[in-house]
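# Report on the structure
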Amino acid sequence: VVFGYETIETSTFRADGKGDEQTDVHGRILRDNDYGELKDDARRRDFTLNALYYDPTTETVIDYHNGVEDLKNRVVRIIGDAETRYREDPVRMLRAMRFAAKLDATIDPETHAPLAKLADLIENVPESRLFDESIKLLSCGNALTCLKLIHAEGLHHHLFPLMDDLLKNSDDLDFVDSALARTDSRVRTGKTVSPSFLFASLLWPTVRQKWQAYQKQGQPPAQAIASASD
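One structure accompanies this document, and this report is about it. On a predicted model such as this, the values are computed, not experimentally measured, just so you know.

## Observations concerning the overall build of the protein chain
Looking only at helices and strands, the protein chain features 12 helices and eight strands. With the principal axes as the frame, the protein chain shows a C-alpha extent of 65 × 45 × 35 Å. Counting only residues that meet the buried cut, the protein chain has 37% of its 230 residues in that class. Of the roughly 13800 Å² of accessible surface on the protein chain, a fraction of 50% belongs to carbon and sulfur atoms. A gap of 3 Å separates the mean positions of the 29 positive and 38 negative side-chain charges of the protein chain.

## Focus: the environment of Val 91
Along the polypeptide, Val 91 turns up in helix α4 (residues 91-102). On the basis of relative accessibility, which here comes to 1%, the residue Val 91 falls in the buried class. Sequence separation of Val 91 and Ala 105 is 14 residues, and the distance between their C-alpha atoms is 18 Å. Contacts of Val 91, omitting those with residues within four sequence positions, involve Val 125, Arg 129 and Glu 133.

## Topic: the pairing of strand β6 (residues 60-63)
With four bridges joining them, strand β5 (residues 52-55) and β6 adopt antiparallel strand pairing. Across the sheet, Asp 55 pairs through a bridge with Thr 60, a residue of β6. Between β5 and β6, which pair antiparallel and follow one another directly, the connecting turn spans four residues, one of which, Glu 59, has a positive phi of 55°.

## Let's talk about the nonpolar core
Counting residues in hydrophobic clusters, the biggest one holds 42 residues, and the most contacted among them are Val 76, Tyr 86, Met 93, Leu 155, Phe 160 and Leu 202. Of all elements in the fold, only α3 (82-88), α4, α6 (115-118), α7 (127-138), α8 (143-152), α9 (163-166), α10 (170-188) and α11 (195-216) reach the threshold of two or more residues within this core. With eight residues, α4 is the largest single contributor of residues to this core. With residues near it in sequence (within four places) discarded, Tyr 86 still touches Ile 78, Arg 92, Met 93, Ala 96, Thr 111, Pro 114, Leu 115 and Leu 118.

## As for the packing of aromatic side chains
Aromatic ring pairs are reported here in terms of the distance separating the ring centres and the angle at which the planes meet. Within this structure, the stated rule accounts for four aromatic pairs. Ring geometry for Phe 13 against Tyr 53: centres 6.3 Å apart, planes inclined by 75°, an arrangement best described as edge-to-face. Of this pair, Phe 13 sits in the loop between β2 (6-7) and β3 (22-23) while Tyr 53 sits in strand β5, placing them 40 residues apart in sequence. Their ring planes at 80° and their centres at 5.8 Å tell us that Phe 47 and Phe 99 sit as a pair that is edge-to-face. Of the two residues, Phe 47 is situated in the loop between α1 (38-44) and β5 and Phe 99 in helix α4; the sequence distance between them amounts to 52 residues. In this structure Phe 47 comes out as buried when scored by relative accessible area, which is 0%. Assessed through its relative accessible area of 11%, Phe 99 is described here as buried.

## A few points about a nonpolar patch on the surface
A grouping of Val 1, Phe 3 and Ile 8 is seen on the molecular surface, where their side chains present a nonpolar patch of about 310 Å² in accessible area. Tracing the chain through its elements places Ile 8 in the loop between β2 and β3. Taking the relative accessible area as the measure of exposure, Ile 8 reaches 36% and is therefore partly exposed.

## So, the side chain of Thr 48
Here Thr 48 is to be found in the loop between α1 and β5. For Thr 48, a relative accessible area of 4% translates into the label buried. Polar contacts involving the side chain of Thr 48 include one to the side chain of Asp 70, which spans 2.6 Å. Residues in contact with Thr 48, not counting those within four places in the same chain, are His 65, Gly 67, Asp 70, Arg 77 and Ile 79.

The rules behind each value
- Residues numbered from 1 in each chain as written.
- Predicted model: local features only at pLDDT ≥ 70, side-chain atom pairs only at ≥ 80, totals over all residues.
- Heavy atoms only, no water.
- Helix = DSSP H or I, 4+ residues; strand = E, 2+ residues; numbered from the N terminus.
- Buried < 20%, exposed > 50% of the residue type's maximum accessible area, 1.4 Å probe, protein only.
- Areas by Shrake-Rupley, 256 points an atom, 1.4 Å probe, with all protein chains shown as cover.
- Lys, Arg positive; Asp, Glu negative; His and termini not counted.
- Charge placed at Lys NZ, Arg CZ, Asp CG, Glu CD.
- Contact = heavy atoms within 4.5 Å.
- Pairing = 2+ DSSP bridges.
- Core = buried A, V, L, I, M, F, W, Y, C linked by side-chain atoms within 4.5 Å.
- Phe/Tyr/Trp six-rings, centres within 6.5 Å; stacked < 30°, edge-to-face > 60°.
- Patch = residues over 30% accessible without salt bridge, like charges linked within 9 Å, V, L, I, M, F, W, Y side chains within 5 Å.
- Salt bridge = Lys/Arg side-chain N within 4 Å of Asp/Glu carboxyl O.
- Polar contact = N/O pair within 3.5 Å; in protein donor to acceptor, adjacent residues only side chain to side chain.

Structure below.
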């Protein structure tokens with residue numbers, strides 16, 4: 001729905017597939033599209049704070065899972081059994097980190113418990129979805145905190161493997177922190193952000209190291225930077 005300069009994504013309410021969803025061997029839902037009512041749709045949402053509905057005719061918030069209370073208390077809490085919900089869609093683990101960083105929130109213990117066990121399921125998510133989620137993670141308004149949370153939970157391996165080296169070098173970390181802080185500032189003031197800038201900032205420390213290494217091997221600076229970029 002086009003609303004002024006904003007495009008609002010719209011979908012029908014969906015219901016629980018009652019166990020007949022198409023899934024992969026790890027439990028990730030591949031296809032389900034059963035139409036339902038508002039209450040059914042709320043039950044399918046991932047986190048309580050993400051299961052809020054607004055009725056513009058009465059100007060009221062509809063909240064089936066105490067999401068408003070969790071928002072007030074800054075708690076990220078999954079709806080239903082955490083392990084089952086993460087297996088259905090491993091991206092939910094990344095969303096938990098994003099909400100925690102964005103809202104300066106804590107993750108409910110039961111929501112947090114399966115993360116270490118299931119972190120490798122991220123590998124089974126299509127790359128297009130991981131790219132989209134990566135942009136959301138880096139433009140949540142608190143990017144470096146988000147990256148550190150992902151690294152602490154072992155969720156970074158298939159998204160940002162360079163975090164292992166980045167966190168060991170204070171100079172590189174300061175550089176990335178400065179770059180991401182500028183993006184955070186733009187997000188908080190409603191300005192646009194550039195995915196190219198975000199990834200260039202994260203990759204620059206690695207590129208610089210390789211650039212210097214290639215020059216030591218005798219490559220001219222211009223050729224060395226091209227090799228490092230490749």
